[in-house]
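Commentary on secondary and tertiary structure
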Amino acid sequence: MNTSQPNENSIRIKSYPEKLSGLVPLPGWLTWVIGWQLLFLIDYLLSWRLSSPAFGGAFACLCLFFTSVCVVVVYCSKVLIRLFPHMLQFIEEEKSILNEWYTSKLKSAYEGSWPLISGLIISISSIVSIYPLIQQLTPTADFLFYYRVGYVFLGFFFLGISLWALIKVSIFPMELTRMKVKVSVSQFSGNGLQALGASFLKMSLAICISFLLIVITTIVAPFQNNLIVLIWLGLAAILIFGFFILPQVGIHRIMRNEKTHRMYSFTRHLEAALDKTLLDPSAENMQHLKELFEVQNHLKSMHEWPFDFNSVWQLLTALIIPILLAALEILYKS
């Protein structure tokens, strides 16, 4: 494998939200914050002019949710780009070949026509499903109603782009298992295979921010059947957790098999040293046996997942708290 200094700058991809925000001479996240808040400000002024600013909080939270969607999809693409140098440490492949393969995977997730098609499908289906709710929350003024339909359509379009990216990103760790994965005995957080788990944790926690905002939106909005809303939020939490765990199952199997193989191979040396020590318990043999037991303990401590279980608790906490907030709101209203 090429051992030259890895450089993530060799991966050049840009998601559609990043390309759009790049047209404005401001940081990307700030561009989306200002843009969506301007859209809501127009909504609020129109509602105030019509003397019907009720339910403005629901649309304010919805705009914040759409803001987070645009920011998170860009953030996740950056996390994946920064993962590439670490991949060179645990994938035994030429850098140029791995670079070409990884770039093609990221481009299929963030560029091309499929993200746009996904955006259209999600936006159209979402508008059809929430059309009655927008009517319920909007006065009889046609302009305000169609304005809301327009920017909600745009927001769900970006959501569709991000969902396509998440689906494609969740597949690529499974495809990594077809390559030669090198499992190091010495693994530490943020390096090698552990960097893969750390990257998925960062993306999952970022998605949790959007999840929290959509939970707040559902709390503020006057939904009639809160139990159904809670069920949908629970399913969304399960999907986010699945996005973190399921793509890494294949890597887990490789790591577990490698650990088992090394433990099995090492046992023969340990047994031989043990037999030798029993026949001749000299200081030299005892010291050698002690060293072998230390190596065995080190092998036993090898990770079987590309993340530690503190990461799991962090993610579960970030998912459970919004669900509890929604459940408490339902109990309060009932």
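Residues numbered from 1 in each chain as written. Predicted model: local features only at pLDDT ≥ 70, side-chain atom pairs only at ≥ 80, totals over all residues. Heavy atoms only, no water.

Let's talk about the overall build of the protein
Helix and strand content of the protein: 11 helices and zero strands. Seen in sequence order, the protein has helices and strands lined up from the N terminus as α-α-α-α-α-α-α-α-α-α-α. A burial count over the protein gives 43% of its 334 residues as buried. For the protein, restricting intrachain contacts to residue pairs at least 6 apart in sequence, the fraction spanning at least 24 positions comes to 84%. As presented, the protein carries roughly 17,800 Å² of accessible surface, and 66% of it is formed by carbon and sulfur atoms. (Helix = DSSP H or I, 4+ residues; strand = E, 2+ residues; numbered from the N terminus. Buried < 20%, exposed > 50% of the residue type's maximum accessible area, 1.4 Å probe, protein only. Contact = heavy atoms within 4.5 Å. Areas by Shrake-Rupley, 256 points an atom, 1.4 Å probe, with all protein chains shown as cover.)

Some points on the state of the cysteines
Within the structure shown, the criterion is met by zero disulfides. The closest cysteine sulfur to the non-disulfide-bonded Cys63 is located on Cys61, 9.5 Å from its own sulfur. Given the relative accessible area of 0%, Cys63 is considered buried. (Disulfide = S-S within 2.5 Å.)

Observations regarding the packing of aromatic side chains
Under the counting rule described, the total for this entry stands at 19 aromatic pairs. With a centroid separation of 6.4 Å and an interplanar angle of 20°, the aromatic rings of Trp101 and Tyr102 are classed as stacked. Of the two residues examined, Trp101 and Tyr102, each falls in the buried class. With a centroid separation of 5.2 Å and 65° between ring planes, the pair formed by Tyr147 and Tyr151 is classed as edge-to-face. Of this pair, Tyr147 and Tyr151 both sit in helix α6 (residues 142-176), four residues apart, which is roughly one turn of that helix. Note on Tyr147: relative accessible area 16%, which makes it buried. We classify Tyr151 as buried; its relative accessible area is 3%. Between the NZ or CZ atom of Arg148 and the centre of the ring of Phe59, over which it lies, the distance is 3.9 Å. (Phe/Tyr/Trp six-rings, centres within 6.5 Å; stacked < 30°, edge-to-face > 60°. Lys NZ or Arg CZ within 6 Å of the ring centre and 35° of its normal.)

Here's the deal with the side chain of Thr103
For Thr103, the location among the structural elements is in helix α4 (residues 95-110). Given the relative accessible area of 13%, Thr103 is considered buried.

A word on the confidence of the model for the protein
On average, residues of the protein carry a pLDDT of 84, and 90% of them reach 70 or more. Below a pLDDT of 50 lies the segment residues 1-6, which in the model reaches 12 contacts outside its immediate sequence neighbourhood of four places, other chains included. (pLDDT = per-residue confidence, 0-100.)

Overview of helix α3 (residues 56-90)
Taking 1.5 Å per residue as the helical rise, α3 with its 35 residues ought to reach 51 Å, and the 50 Å between its terminal C-alpha atoms agrees with that figure. Where α3 bends most, the angle comes to about 40°, and this point is Phe84, followed within four residues by the proline Pro85. Most of α3 is tucked away, with 27 of its 35 residues classed as buried. (Expected span 1.5 Å × (residues − 1). Bend = angle between axes of the 7 residues up to and from the residue.)

Comments concerning the environment of Ala165
Tracing the chain through its elements places Ala165 in helix α6. With near-sequence residues (within four places) excluded, Ala165 lies in contact with Ala109 and Tyr110.

Describing the pattern of salt bridges
Going through the model one piece at a time under the given rule, you end up with four salt bridges. Residue Asp43 pairs with Arg148 through a salt bridge whose shortest N-O separation is 2.7 Å. Taken together, the residues Asp43 in helix α2 (residues 28-49) and Arg148 in helix α6 connect sequence positions 105 residues apart. Note on accessibility: Asp43 and Arg148 belong to one class, buried. Among the ionic pairs, Lys105 bridges to Glu175, the shortest N-O distance being 2.9 Å. Of this pair, Lys105 sits in helix α4 while Glu175 sits in helix α6, and the two are 70 residues apart along the sequence. (Salt bridge = Lys/Arg side-chain N within 4 Å of Asp/Glu carboxyl O.)

Details of the side chain of Gln194
With respect to the element layout, Gln194 can be found in helix α7 (residues 193-220). On the basis of relative accessible area, Gln194 is assigned to the buried category, the value being 5%. Here Trp305 takes part through its backbone oxygen, which lies 3.2 Å from a polar atom of the side chain of Gln194. (Polar contact = N/O pair within 3.5 Å; in protein donor to acceptor, adjacent residues only side chain to side chain.)

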